Amino acid sequence: MRIPPTSPDSLAFYSLVMNAMPGKHLVFLPDAPSYTIAAVSDEYLAAFSLQRENLVGFSVFDVFFDDEQNRSSSEQLRQSLDQVLLTKQIHSMSDQRFRWPNAETGVLEWRTWRPVNKPFVGPDQQVAGIIHSVEDITNSVQLVELTESNQYLQTIINSFKEPLQVLKPIFENGRIIDFRFKLTNQAYASYANATPEQLQGKRVGEVFPGYFETESFTNPVITFTTGEPLTFEIHYDKDGLDLYNLMSTSKLDEEVVLHFTDFTRLRHLQLQLESKIDELKSSNDSLQQFAYVASHDLQEPLRKVQQFGDVLKTRYKDQLGAGVEYLDRMQQATNRMSTLIQDLLTFSRISTQRDTSKTVNLNEIVDDVQFDLELVIKEAGAVVSTDPLPTIPGDALQLGQLFQNLLSNALKFRKDGVAPEIKVRYQKVAAVQLPTAVAPARKTAYYHHIDVSDNGIGFEQHYTDRIFQVFQRLHNRNKYAGTGIGLAICEKVVVNHGGAITATSQLQKGATFSVFLPTS
């Protein structure tokens, strides 16, 4: 089952992650239980002779675990991903052994893989994605076992892009006080501006004295003492270095083997992104404050104009004569301006303020809106029918504005002499059933589909995208009052809740506004 791709901004960021982080990686969306593949590194594709279009947009369990033979591995992966979502911490899976075709001969060979799942936590402290890194450690294990007998070993391991070292413990009074380099590759030796040959036999503390203060010393001690393999993230800012590594330790006979995944560049990009997010938040706060001040300062002179207009009409109506008509027009214009300012302020608040942490009963929301519109509904002779609606996590105020605008529009744009018939219909749909043009802000397996349809004047279908833009109007202002912001507010509310909105219509045949909101 193919899942619609995520947003362009998300895809761009995931591509940036892949380019900045060497190795074989997949990025999963946190859409349990599917865990859709959002991005894949070039090295991963090359290693397994796969095509990106056959992976991205599909559930990992549909792509790799579609047979009974791999059920055990499938369950291990699902449990690991579920734990990452729950704890927001790195989780290292047990080493996996599979028979895989030799790239040159095509003969099946046993290979050993070390998978690690690492969460990417967004500024809202929620998991925005999971980086699944797979390291083929078959050669590493074999090379370590053959260190003393294979004279070509050093040349081979130097070809590894990621740092590798084998350490032998140094004991004093029964405890480990340091380690000695038994084997390193060039990727690791470059940290010391040295060669593997120059490091071999030296004490690690002589080369990196600061490592005693970090987990790069204490965790290898734990692994050697207990035999327990460890995977941990470390920021090494000692000895003139500034490195971010994902390190794995494992015991082999009487040595400790360390593998590194260097994500220094990725971490620096993340820090830059967090800085930009903080700047954007500060800018939004300033804009919000400006909107409040501007609203008050603009509304005050408008109220003065309206008040003085009332005074002129009351005291000098006879002297003004036909001028009263101009006063009426002036006050109508100020009223429209006042409404426009208020709508702009509402739009600004929706853009910068949201609280979707509470559950909202949409039946109560629609009932409240109908109560507010009771006089208009009676005046128009409208009939409103509503299906039972779900309870969702959301912002009650914003969802109220959504249905207020949709029902108000259905009442406003009615045919002359025809009683409005407004229907609110609901069904739960799978992601694969969404219209191709609908791209919700948040991906999930199922969506709440709510239609608000009417028998009004409608509009031409090719205006669908335009009607959700600010200040866009399709009808005469004199006959149909409004500022052209209502549907823009609707779209903003739906996007804030992770969904999408669209519309279908024909002239004089009514309109249907379709809202798609992700299920919990």
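It should be emphasised that the depicted structure is a prediction, and the values quoted were computed from it without experimental measurement.

Chemist: Please explain a nonpolar patch on the surface as it appears in this structure.
Modeler: On the surface, a cluster of nonpolar side chains totalling about 240 Å² of accessible area is made up of Leu-312, Tyr-316 and Leu-320. Within the secondary structure, Leu-312 is located in helix 11 (residues 264-315). For Leu-312, a relative accessible area of 34% gives the class partly exposed.

Chemist: Any chance you could explain the pattern of salt bridges here in plain terms?
Modeler: For side chains of opposite charge, pairing can occur when their charged atoms come near one another. Applying the stated criterion across every chain yields a total of 10 salt bridges. For the salt bridge of Asp-136 with Arg-111, the shortest nitrogen-to-oxygen distance reads 2.8 Å. Of the two residues, Asp-136 sits in strand 6 (residues 127-136) while Arg-111 sits in strand 5 (residues 108-121), which places them 25 residues apart along the sequence. Residue Lys-238 is joined to Glu-213 by a salt bridge in which the shortest nitrogen-to-oxygen separation is 3.1 Å. Of this pair, Lys-238 sits in the loop between strand 9 (230-236) and strand 10 (243-252) while Glu-213 sits in the loop between helix 9 (204-207) and helix 10 (215-226); the two residues are 25 residues apart in sequence, bridging distant segments of the chain. Taken together, the salt bridges that share partners define one network made up of Lys-168, Lys-182 and Glu-255.

Chemist: Just to check I follow, could you spell out the pairing of strand 5 for this structure?
Modeler: A regular strand places its side chains so that they alternate between the two faces of the sheet. Burial within strand 5 is extensive, with 10 of its 14 residues counted as buried. Relative to strand 5, strand 3 (residues 91-92) runs antiparallel, the two being bridged by 2 bridges. Along strand 5, the bridge assignment pairs His-91 with Asn-117. Taken together, the 6 bridges between strand 4 (residues 96-101) and strand 5 define a ladder with antiparallel strand orientation. Across the sheet, the residue bridging to Pro-101 is Leu-108, located in strand 5. For strand 5 and strand 6, the ladder comprises 9 bridges, and the chain directions are antiparallel.

Chemist: What exactly am I supposed to notice about the sheet that holds strand 8 (residues 175-184) here?
Modeler: Strand pairing in a sheet relies on backbone hydrogen bonds, with the paired strands running either antiparallel or parallel. The 5 strands lie next to each other as 8-7-11-10-9, forming an open sheet whose pairing is antiparallel. The sheet terminates laterally at strand 8 and strand 9, the two strands that pair on one side only. On average, adjacent strands in this sheet sit at an angle of 35° to one another, irrespective of strand direction.

Chemist: Explain the packing of helix 16 (residues 396-412) against helix 18 (residues 486-496) here, please?
Modeler: How two helices sit against one another is set out by the angle between their axes and by the gap between those axes. Between helix 16 and helix 18, the shortest axis-to-axis distance is 9 Å and the interhelical angle comes to 140°. Here the hand of the crossing between helix 16 and helix 18 comes out left-handed. Residues Gln-398, Leu-399, Gln-401, Leu-402, Asn-405, Leu-406 and Asn-409 of helix 16 form the contact with helix 18, whose own contacting residues are Gly-486, Leu-487, Ile-489, Cys-490, Val-493, Val-494 and Asn-496. Across the contact of helix 16 with helix 18, the residue classes tally to 8 nonpolar, 6 polar and no charged.

What counts, and where the lines are drawn
Residues numbered from 1 in each chain as written. Predicted model: local features only at pLDDT ≥ 70, side-chain atom pairs only at ≥ 80, totals over all residues. Heavy atoms only, no water. Patch = residues over 30% accessible without salt bridge, like charges linked within 9 Å, V, L, I, M, F, W, Y side chains within 5 Å. Areas by Shrake-Rupley, 256 points an atom, 1.4 Å probe, with all protein chains shown as cover. Salt bridge = Lys/Arg side-chain N within 4 Å of Asp/Glu carboxyl O. Helix = DSSP H or I, 4+ residues; strand = E, 2+ residues; numbered from the N terminus. Buried < 20%, exposed > 50% of the residue type's maximum accessible area, 1.4 Å probe, protein only. Pairing = 2+ DSSP bridges. Axes fitted to C-alpha atoms, helices over the stretch in contact; angles between N-to-C directions. Left-handed = near helix turned anticlockwise from the far one by under 90°. Contact = heavy atoms within 4.5 Å. Nonpolar A, V, L, I, M, F, W, Y, C, P; charged D, E, K, R; others polar.

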